Each structure stands twice: as structure tokens, then as C-alpha cells.
Amino acid sequence: AQSVTQPDIHITVSEGASLELRCNYSYGATPYLFWYVQSPGQGLQLLLKYFSGDTLVQGIKGFEAEFKRSQSSFNLRKPSVHWSDAAEYFCAVGAGSNFGNEKLTFGTGTRLTIIP
Amino acid sequence: NAGVTQTPKFQVLKTGQSMTLQCAQDMNHNSMYWYRQDPGMGLRLIYYSASEGTTDKGEVPNGYNVSRLNKREFSLRLESAAPSQTSVYFCASSAQIGSNQPQHFGDGTRLSIL
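Everything in this summary refers to the structure shown in the same document. Fair warning: this is a prediction, and the values are worked out from it, not measured in the lab.

About the thresholds
Residues numbered from 1 in each chain as written. Chains lettered and ligands numbered in written order. Predicted model: local features only at pLDDT ≥ 70, side-chain atom pairs only at ≥ 80, totals over all residues. Heavy atoms only, no water. Helix = DSSP H or I, 4+ residues; strand = E, 2+ residues; numbered from the N terminus. Contact = heavy atoms within 4.5 Å. Disulfide = S-S within 2.5 Å. Buried < 20%, exposed > 50% of the residue type's maximum accessible area, 1.4 Å probe, protein only. Pairing = 2+ DSSP bridges. Axes fitted to C-alpha atoms, helices over the stretch in contact; angles between N-to-C directions.

Looking at the element boundaries, Tyr 48 of chain B is found in strand 5 (residues 42-49). Separated by 17 residues in sequence, Tyr 48 of chain B and Ser 31 of chain B have C-alpha atoms that sit 7.4 Å apart. Once residues within four sequence positions are removed from consideration, Tyr 48 of chain B is found in contact with Lys 103 of chain A together with Met 32, Tyr 33, Thr 54, Thr 55, Asp 56, Lys 57 and Phe 74 of chain B.

Below, the structure is given as C-alpha cells:
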């Protein structure tokens, strides 16, 4: 079965600083990888996804993530954070013998705090 | 531009009461899902429906039942609520089976069991 680890429960970053959120996955085949963001009281919104091809993927809101098979990682990055980026971020891996993303396994999330 | 709509948004129940959480999507998606979110545990899949007329258990199905009423609607039922079911419940949907399209989430139902 697949699993996802987000080792950082909480990260605090100054506005304008760069950001990297870590995600490690465990899955036997090529994974389908996602990053979602959740603002307080809201549902999850997709930031970006990786299925195949270029290992550096661009997402919404200026985020990007890089798939590194050798490290089983899919870290999320942003060069300069804004106060509106404060939220909880979830990494997820999709699997299933026939489906692209029918069953997602989520990490436990990283809460991002932005300080002025 | 509704996407995935969940009702109610908040609910308080007493132990032993029953309740149905409603979910509807207007994106013509085939697949729908129910998750629960608990502090420090991320989202865990309760049940899913790959297509109309089918449902399957996810990671934590005990104490829940589901009904895929039609292509748009997927409900989650708690027959006899327990305090351990206090959680935030999210419904999600995605497009065709085998597609690379992501899941779209509702805003959640916050459920407290006393």
C-alpha cells in the first residue's frame, strides 16, 4: 500500500522569503502525486500534480514541485511567499491498478505560518 | 459555479443518533468520495464510488454507509453516531475512470458527537 510522509508539522516563514515543503512517498510503481492547499474552514484546492514527463511541475499561485524518483520525494517550493499563502498543505499519492487517481493517500499536512 | 456542495456545514449529534450527510456535484463527474479529516491524521478515505451504481470501502469504513443516489449525489450515513466519529467530513469528486484529472473537494461538514 502507498504512504505519504510530510515530516514538518508546522513551518514559519517570513513574507518574501522562499519556501520548501517536504513530501516523501512510498509506492511500488510510478506514483501519481499531488499537492493540495487548505485555507481555514475551506475544502482542499489542487495546487499541482505530477503524472509523468517533466519532473518539475508548475502549479497555481506561483508554486512548483519537483519529482525525484531516487529520493522518493515530491517537494513543494515557492520563491517568495505572500501572507495569503498561510494555510495547510497536503501532499497526496494516487494509486490503483486501473485508475489514475481514484484512491488518494494523504500526508498529515504541513501548516504554514507567514510572519511580516 | 458550485462544484461540490455539502450539506449541512455544521451538525451536533448525541451518541446513538443517526444522520445523513449530503453531497452533490455539478461537474458531471463519474467518481465520488467521502473522507474524514482529524487533527494530525490528514484525510482518510471512508468510502468511494467509482461510477454510478458502485460503491467500495476505503481505509476507515466502519460505522458508515453510503448511497450513490445518482450520478450527481453521494450520501454518507451514520446509523448510530459515536464520539469517535467527531470529525470534519469532506466529499470529493473526479472525472472519468482512468483519467488524470484531480479530485475536487467540497467545503466540508463539521460534525460533533456528544
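Our focus in this paragraph is the state of the cysteines. Residues and elements named next belong to chain B. This structure, assessed with the given rule, holds 2 disulfides over all chains. Put simply, Cys 23 and Cys 91 are joined by a disulfide, and their sulfur atoms are 1.9 Å apart. Handedness of the Cys 23-Cys 91 disulfide follows from its S-S torsion of about -75°: it is left-handed. In this pair, Cys 23 is assigned in strand 3 (residues 19-25) and Cys 91 in strand 9 (residues 87-94), connecting sequence segments 68 residues apart. The pair formed by Cys 23 and Cys 91 is uniform in burial state, with each residue classed as buried.

Further remarks concern the sheet that holds strand 7 (residues 65-68) of chain B. Residue and element names in this part refer to chain B. An order of 1-3-8-7 is seen for the 4 strands of this open sheet, with the pairing classed as antiparallel. Of all the strands in the sheet, just strand 1 (4-7) and strand 7 have a single pairing partner and so form its edges. With strand direction ignored, the average angle separating the axes of adjacent strands in the sheet is 15°. Note that strand 3 and strand 8 (residues 74-78) share 3 bridges and pair antiparallel.

This brings us to the environment of Arg 111 of chain A. Among the secondary structure elements, Arg 111 of chain A is positioned in strand 12 (residues 110-115). Excluding residues that lie within four positions of it along the chain, Arg 111 of chain A makes contacts with Ile 9, His 10, Ile 11, Ala 87 and Glu 88 of chain A.

Note that every value here comes from positions in space, so none of it alone points to a role or purpose.
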